Amino acid sequence: MNAPTAHTHLVPEIRQRDVPAALIDALKARFGAQCSTALAVREQHGRDESSFEAPPPAAVVFAESTQDVADAVKLASQYDAPVIPFGVGSSLEGHLLAVQGGISIDLARMNKVLSVNPEDLTVTVQPGVTRKQVNDEIKSTGLFFPIDPGADATIGGMSATRASGTNAVRYGTMRDNVLSLEVVTASGEVIRTGTRAKKSSAGYDLTRLFIGSEGTLGVITEVTLRLYPLPEAISAAVCSFPSIAAAVHTVIQVIQLGVPIARVELIDQNAVRMVNAHSKLTLREEPMLLMEFHGSPAGVKEQAQVVQEIATDHGGKAFEWATTPEDRTRLWTARHNAYFAAIQSKPGCRAISTDTCVPISRLADCLLDSVREADESGLPYFIVGHVGDGNFHFGYLLDPVQPQEREVAERLNHALVSRALAMGGTCSGEHGVGLHKMDFLVTEAGEGAVEMMRTIKRALDPKNIMNPGKIFTL
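A quick note: this is a predicted structure, and the numbers were derived from the prediction, not measured.

**Things to note about the overall build of the chain**
Looking only at helices and strands, the chain features 17 helices and 18 strands. Taking 23 Å as the expected radius of gyration for a compact globule of 474 residues, we find that the chain reaches 22 Å, a close match to that expectation. Of all 474 residues assigned to the chain, the portion counted as buried reaches 57%. Across the chain, the fraction of contacts at a sequence separation of at least 24, relative to all contacts at a separation of at least 6, is 73%. For the chain, the exposed area adds up to about 18900 Å²; of that, 52% sits on carbon and sulfur atoms.

Okay, structure coming up:
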């Protein structure tokens, strides 16, 4: 592995490319009211949940069909202008910032569920469909889509960033749950990857190439997803611990024993305090595990008993059960609101939210060393994590007008990610690379692998118009 790189991406590299007036005129002629150059609209599409700032795109096209996307990309290609796909703007690593200018293609209006095939356990959707919308549309079938990154993100955005979330320990990530795609390439051609069959040995796996490509190879316009039968029984539980170490060692033992737990989330005492204030709850302000069990009534009971015994051995207490949908929803809504609860805990602050994923055997070492460093820094922070698969998130809260706080947060982030890589982990378990992790991708994958990625990018996007400046530099 290469030596860790310096934390150079404190601000994005801005290299604006020309967007000629002729392109804007052509877009307005083709799309009419579906194309906007209003500053407020452009600014909305020029920021995400990251702490980065960049100039807004030159125009926003509101696509309503695959043909709209293809036509917009063809026009952009004709004028060598960058194209940036936009879902709901919930990304955390600067994925949708127009660092090289260009046009934003908003896919939110492409929000139809195209077909549901319950016998095959699949559903095909347009990219603007959100994860909650999928489950609302299929609830009468007795099936559900399990990937839950917290935010009600679009399926297109989740595919582009290879999202995962709270259920990943049992159901995997978007990589495991996308069967096929329709994609508009950099030339404006529409291609399909994969089929609705559960497996294939035919040719290159182009579906997986586009999953996680962060819009740098094409614009996803249709997605076919795997579905799962709703569990016969579901039970959730919370358990408080005397320390983060006790909670983490509980998780490690649960996973190593092979307990098929569906969700296991770590929330540190800082996050619990913030969630209590935001969601008006009365959770014990100690490190906490939030767990969920899926299966038959007998299986769920057995899983829960095993986990409760392990937790008790590690000092776990105040085990509380939530078996009704309302109680489970209340708990998980509080967990999903942790990021916004943290932001509101310090008025005017921004968060640098980072995530890493390590082998489960190294989870305690990585997490506890990072906690120690964060405590010593004096910077406010919070931790949430899908720790069942070794994935956790630090959120560092900083005052955007205090540059020294940004420096401290970046130093902590750099140490955290370097530690994870040294332990055989990855720089990002689910947020993606975007702008913030480009240096670390080289450290993790090596120059040779990143150059191979560049080769693929150049071959599929020779004009470098598809979300340029993300994942790596050309």
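**A short note on the pattern of salt bridges**
Under the criterion given, the structure shown has 24 salt bridges. For Asp-68, the salt bridge goes to Arg-30, with nearest N and O atoms at 2.7 Å. Of the two residues, Asp-68 is situated in helix H3 (residues 66-78) and Arg-30 in helix H1 (residues 21-31); the sequence distance between them amounts to 38 residues. By relative accessible area, Asp-68 is classed as buried at 7%. A residue is classified by how much of its surface remains accessible, and Arg-30, at 32% relative accessible area, is partly exposed. Measuring nitrogen to oxygen at the nearest pair gives 3.4 Å for the salt bridge that ties Lys-317 to Glu-286.

**Notes on H1**
Buried within H1 we find Leu-23, Ile-24, Leu-27 and Phe-31. Projected down its long axis, H1 carries its buried residues within an arc of 100°, all on one side. For H1, the exposed residues set more than 90 degrees away from the buried face come down to Ala-21 and Ala-29. Tucked inside the fold, the buried residues of H1 contact strand E1 (35-36), strand E2 (59-62), H3 and strand E4 (103-106).

**Concerning the sheet that holds strand E3 (residues 83-86)**
Pairing in this open sheet of four strands is mixed, and the strands run E1-E2-E4-E3 from one edge to the other. Every interior strand has two partners, whereas the edge strands, E1 and E3, have only one. Seen against the sheet, H3 touches E2, E3 and E4 and runs at an angle of roughly 175° to E4.

**Here's the deal with the environment of Tyr-228**
By the secondary structure assignment, Tyr-228 is in strand E11 (residues 228-229). The spacing of Tyr-228 and Gly-388 is 160 residues in sequence and 20 Å in space, taken between C-alpha atoms.

**A look at the environment of Pro-403**
Position of Pro-403 relative to the elements: it lies in helix H15 (residues 403-422). Separated by 23 residues in sequence, Pro-403 and Thr-426 have C-alpha atoms that sit 28 Å apart.

**Re the sheet that holds strand E10 (residues 218-226)**
Taken in spatial order, the five strands make up an open sheet running E5-E6-E10-E8-E9, and their pairing is antiparallel. Sheet topology places strand E5 (113-117) and strand E9 (190-193) at the edges, where each strand pairs with a single neighbour. Along the sheet, successive strands turn relative to each other by an average axial angle of 15°, direction set aside. In the sheet, strand E6 (residues 122-125) pairs with E10 via four bridges, with the strands oriented antiparallel.

**A closer look at unusual backbone geometry**
The residue Arg-162 is not glycine, and still its phi comes out positive at about 55°. Position of Arg-162 relative to the elements: it lies in the loop between helix H5 (155-160) and helix H6 (168-171). What makes Arg-162 partly exposed here is its relative accessible area of 38%. With phi around 55°, Lys-280 is a residue other than glycine that occupies positive phi space. Looking at the secondary structure, you find Lys-280 in the loop between helix H10 (269-279) and strand E14 (288-295).

**Here's the deal with a nonpolar patch on the surface**
A contiguous nonpolar surface patch, about 260 Å² in accessible area, is contributed by Met-452, Ile-456 and Leu-460. For Leu-460, the location among the structural elements is in helix H17 (residues 447-460).

**Thoughts on the confidence of the model for the chain**
Keep in mind that low pLDDT regions are not for reading the predicted coordinates in detail. Mean pLDDT over the chain works out to 93, with 98% of the residues at or above the 70 mark. Counting interchain partners and residues more than four positions distant, the pLDDT-below-50 stretch residues 1-8 has 22 contacts.

Reading guide: rules and limits
Residues numbered from 1 in each chain as written. Predicted model: local features only at pLDDT ≥ 70, side-chain atom pairs only at ≥ 80, totals over all residues. Heavy atoms only, no water. Helix = DSSP H or I, 4+ residues; strand = E, 2+ residues; numbered from the N terminus. Rg over C-alpha atoms; globule rule 2.2 N^0.38 Å. Buried < 20%, exposed > 50% of the residue type's maximum accessible area, 1.4 Å probe, protein only. Contact = heavy atoms within 4.5 Å. Areas by Shrake-Rupley, 256 points an atom, 1.4 Å probe, with all protein chains shown as cover. Salt bridge = Lys/Arg side-chain N within 4 Å of Asp/Glu carboxyl O. Arc of directions from axis to C-beta. Pairing = 2+ DSSP bridges. Axes fitted to C-alpha atoms, helices over the stretch in contact; angles between N-to-C directions. Patch = residues over 30% accessible without salt bridge, like charges linked within 9 Å, V, L, I, M, F, W, Y side chains within 5 Å. pLDDT = per-residue confidence, 0-100.

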